[in-house]
Amino acid sequence: LKQMKTLPDSEFVKVDSPDAFVTVNKKNGYFLVNVQERGEGKNTVDVKLPVALLDAFSVDANNQLDVKAFITKLGELPAGDLVRVTGEADVRIWVE
């Protein structure tokens, strides 16, 4: 996972199906996931995770996520949205 931050900017996944259009990219220091549902709901999900956040994904000897390290790294991020869902319900997860 940590090696992903060294990858060049590019599109990793692109799915164009009758149910949804999905892209996964790395661009300008962020991993970007965009899902656009088709059909009745037509929800949109945008995920924008800073590549620097990958440093916080460490696992201890018991195979448990180091939550303290993750929360600490979240506090170091610039303000902005991490996840935004729009459509039938609006959801926003952000850092201030």
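In the block above lies the structure referred to throughout.
In what follows, the accompanying structure is described. (Residues numbered from 1 in each chain as written. Predicted model: local features only at pLDDT ≥ 70, side-chain atom pairs only at ≥ 80, totals over all residues. Heavy atoms only, no water.)

1. Examining the overall build of the protein
Each helix and strand counted, the protein has one helix and six strands in total. Ordered by position from the N terminus, the helices and strands of the protein form the series β-β-β-β-α-β-β. With the C-alpha coordinates aligned to their principal axes, the bounding extent of the protein is approximately 45 × 30 × 30 Å. Here the protein holds 96 residues, and 21% of them are scored as buried. (Helix = DSSP H or I, 4+ residues; strand = E, 2+ residues; numbered from the N terminus. Buried < 20%, exposed > 50% of the residue type's maximum accessible area, 1.4 Å probe, protein only.)

2. Overview of the pairing of strand E4 (residues 44–50)
As judged from the seven bridges shared by strand E3 (residues 30–37) and E4, these two strands associate in the antiparallel manner. Bridge pairing links phenylalanine 31 to leucine 49 in E4. In this antiparallel pair of consecutive strands, E3 and E4, the connection spans six residues, and glycine 39 shows a positive phi of 105°. (Pairing = 2+ DSSP bridges.)

3. Quick word on the sheet that holds E3
In spatial order, the strands read E1-E2-E3-E4-E5-E6; together these six strands make up an open sheet with antiparallel pairing. Of all strands in the sheet, those with a lone pairing partner are strand E1 (10–16) and strand E6 (91–95), marking the two edges. Mean inter-strand twist for the sheet, computed between neighbouring axes without regard to direction, equals 5°. Summarising the sheet, E1 and strand E2 (residues 20–27) pair through six bridges and their orientation is antiparallel. Bridging across to E2, lysine 14 finds its partner in threonine 23. (Axes fitted to C-alpha atoms, helices over the stretch in contact; angles between N-to-C directions.)

4. What about the pattern of salt bridges?
A complete count under the given rule lists four salt bridges for this structure. When the shortest N-O distance is used, the salt bridge between lysine 73 and glutamate 76 registers 3.5 Å. One end of the pair is lysine 73 and the other is glutamate 76, both in helix H1 (residues 67–76) and three residues apart, which spans about a single turn. Across the salt bridge formed by aspartate 81 and arginine 92, the nearest N and O atoms sit 2.5 Å from each other. One end of the pair, aspartate 81, is in strand E5 (residues 80–86); the other, arginine 92, is in strand E6, and 11 residues separate them in sequence. The partly exposed category is assigned to aspartate 81, whose relative accessible area is 26%. Residue classification places arginine 92 among the partly exposed residues on the basis of a relative accessible area of 38%. (Salt bridge = Lys/Arg side-chain N within 4 Å of Asp/Glu carboxyl O.)

5. Looking at the nonpolar core
Core analysis: the biggest nonpolar cluster contains seven residues, these being Leu53, Ala56, Phe70, Leu74, Leu77, Leu82 and Val95. Among residues more than four places away in sequence, those in contact with leucine 77 are Pro50, Leu53, Leu82 and Val95. (Core = buried A, V, L, I, M, F, W, Y, C linked by side-chain atoms within 4.5 Å. Contact = heavy atoms within 4.5 Å.)

6. Quick look at a negative patch on the surface
Negative charge collects at one region of the surface, where Asp19, Glu37, Glu40 and Glu88 lie side by side. Its location among the elements puts aspartate 19 in the loop between E1 and E2. (Patch = residues over 30% accessible without salt bridge, like charges linked within 9 Å, V, L, I, M, F, W, Y side chains within 5 Å. Areas by Shrake-Rupley, 256 points an atom, 1.4 Å probe, with all protein chains shown as cover. Lys, Arg positive; Asp, Glu negative; His and termini not counted. Charge placed at Lys NZ, Arg CZ, Asp CG, Glu CD.)

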